[in-house]
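# Secondary and tertiary structure notes
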Amino acid sequence: MQIGSVLLLFVGLAIAIVFMGFKVVPQGYQWTVERFGRYTTTLKPGLNIIVPVMDRIGRKINVMESVLDIPPQEVITSDNATVQIDAVCFFQVVNTAQAAYEVNNLEHAIRNLLQTNIRTVLGSMELDAMLGQRDTINERLLRTVDEATAPWGIKITRIEIKDISPPADLMAAMSGQMKAERVKRAQILEAEGLRASAILTAEGKKQAQILEAEGNRQAAFLESEARERQAEAEARATQVVSEAIANGNVQAVNYFVAQKYVETLGRLASANNSKVILMPLEASQVIGAVGGIGEIVKATFDGNKKA
């Protein structure tokens, strides 16, 4: 009876030891195996078998990408401005053995390393550059911290500066400066607009004056040409009358005198202030002049018929 109990106890103990050799690792985790306190291998997600009693599970490492919040801290910039920085870090374990045995308290080490580099990087920049170059700051921090954590089996995937908070009095001064800059730019744009408008107006007036001068020049040219033609016509008429007089035609003289006489009477009659005209003229002279005109016209028509 005692032998059976002991045998049953050994069988149960053997079964328990065998089951101790089966390990199921959940997805997203990796476990390290230690044999007599020394690291031997890493168990992947799923069913794994180890040597019972001799091997034991060392560290259970989360290999999923994790988020590490960096507490706010004060940084003094190169232009002696004190600002408060709030950041966040994303990292992932790529080597389980190094993350388990190369550093103690992994998250605490990453947090302190990142805080130190934030002070170093941001402390070497001026406030204006710090506020306007967040992408550059994130890239510098990522490169620096990733190189420092590489021996720990860590990959820093992303570092983001969440907030940069200057003091209230400095924010008020920056707000006033920004307002002054915007007012200055608005005044510059308004002045440039007025300048462009004045230039366009001046160019328009200049072009109008040029076109008006061209028009006056063309009108003067046409008027001069008309006067020239009129003078040529009068010269031609005078030449014809002179030739007629030279040939002994007295009627031509009468025609010339009568023409000037009629033109003068027409100008006097068309004047606005000429209501009554008193002229000491002999009727026989006017009739003689008109008769002379008739003789000239008749002689002209007779000459044309004979021709």
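You'll find the protein entered in an unreviewed UniProt entry as Protein QmcA, with Pseudomonas vanderleydeniana given as the organism. Quoted verbatim from the Sequence similarities (unreviewed entry) field of UniProt, the annotation for the protein is "Belongs to the band 7/mec-2 family." UniProt, in its Subcellular location (unreviewed entry) section for the protein, records the words "Membrane".

### Some points on the pattern of salt bridges
Scanning the model with the defined rule gives seven salt bridges in all. For Glu 225, the salt bridge identified is with Arg 229, shortest N-O distance 2.8 Å. On the criterion of helical spacing, the pair formed by Glu 225 and Arg 229 is a turn pair, its members being four residues apart in helix 6 (residues 168-246). Residue class for Glu 225 comes out partly exposed when judged on its relative accessible area of 27%. Through salt bridges that share partners, Asp 69, Asp 86 and Lys 162 make up one connected network.

### A closer look at helix 3 (residues 106-123)
If you check helix 3, its first and last C-alpha atoms are 26 Å apart, about what 18 residues at 1.5 Å a residue would give, namely 26 Å. Residues of helix 3 that are buried sit in contact with strand 6 (66-76), strand 7 (82-93), helix 2 (96-101), helix 4 (127-132), helix 5 (134-149) and strand 8 (154-165).

### Comments concerning the side chain of Glu 34
On the secondary structure map, Glu 34 appears in strand 2 (residues 29-35). For Glu 34, the side chain forms a polar contact with the side chain of Arg 56, separated by 2.8 Å. Polar contacts involving the side chain of Glu 34 include one to the side chain of Tyr 101, which spans 2.7 Å. Ignoring sequence-local partners within four residues, the contact set of Glu 34 consists of Tyr 39, Thr 40, Met 54, Asp 55, Arg 56, Gly 58 and Tyr 101.

### A look at the pairing of strand 7
Judged from the nine bridges that link them, strand 6 and strand 7 form a sheet pairing that is antiparallel. Across the sheet, the residue bridging to Leu 68 is Cys 89, located in strand 7. Pairing of strand 7 with strand 8, which is carried by ten bridges, proceeds in the antiparallel orientation. Bridge pairing links Val 88 to Glu 160 in strand 8.

### Here we look at the packing of aromatic side chains
Throughout the structure, instances matching the rule amount to two aromatic pairs. Here the aromatic rings of Phe 19 and Phe 22 are separated by 6.5 Å at their centres, their planes lie at 55°, and the arrangement is tilted. Owing to a relative accessible area of 38%, Phe 22 belongs among the partly exposed residues under this scheme. Relative to Tyr 101, the ring of Tyr 39 lies with its centre 5.6 Å away and its plane at 55°, an arrangement referred to as tilted. Taken as a pair, Tyr 39 in strand 3 (residues 38-43) and Tyr 101 in helix 2 lie far apart in primary sequence, 62 residues in all. Judged by its relative accessible area of 33%, Tyr 101 falls in the partly exposed class.

Rules used throughout
- Residues numbered from 1 in each chain as written.
- Predicted model: local features only at pLDDT ≥ 70, side-chain atom pairs only at ≥ 80, totals over all residues.
- Heavy atoms only, no water.
- UniProt positions renumbered as here; feature names shortened; annotations may be inferred.
- Salt bridge = Lys/Arg side-chain N within 4 Å of Asp/Glu carboxyl O.
- Helix = DSSP H or I, 4+ residues; strand = E, 2+ residues; numbered from the N terminus.
- Buried < 20%, exposed > 50% of the residue type's maximum accessible area, 1.4 Å probe, protein only.
- Expected span 1.5 Å × (residues − 1).
- Contact = heavy atoms within 4.5 Å.
- Polar contact = N/O pair within 3.5 Å; in protein donor to acceptor, adjacent residues only side chain to side chain.
- Pairing = 2+ DSSP bridges.
- Phe/Tyr/Trp six-rings, centres within 6.5 Å; stacked < 30°, edge-to-face > 60°.

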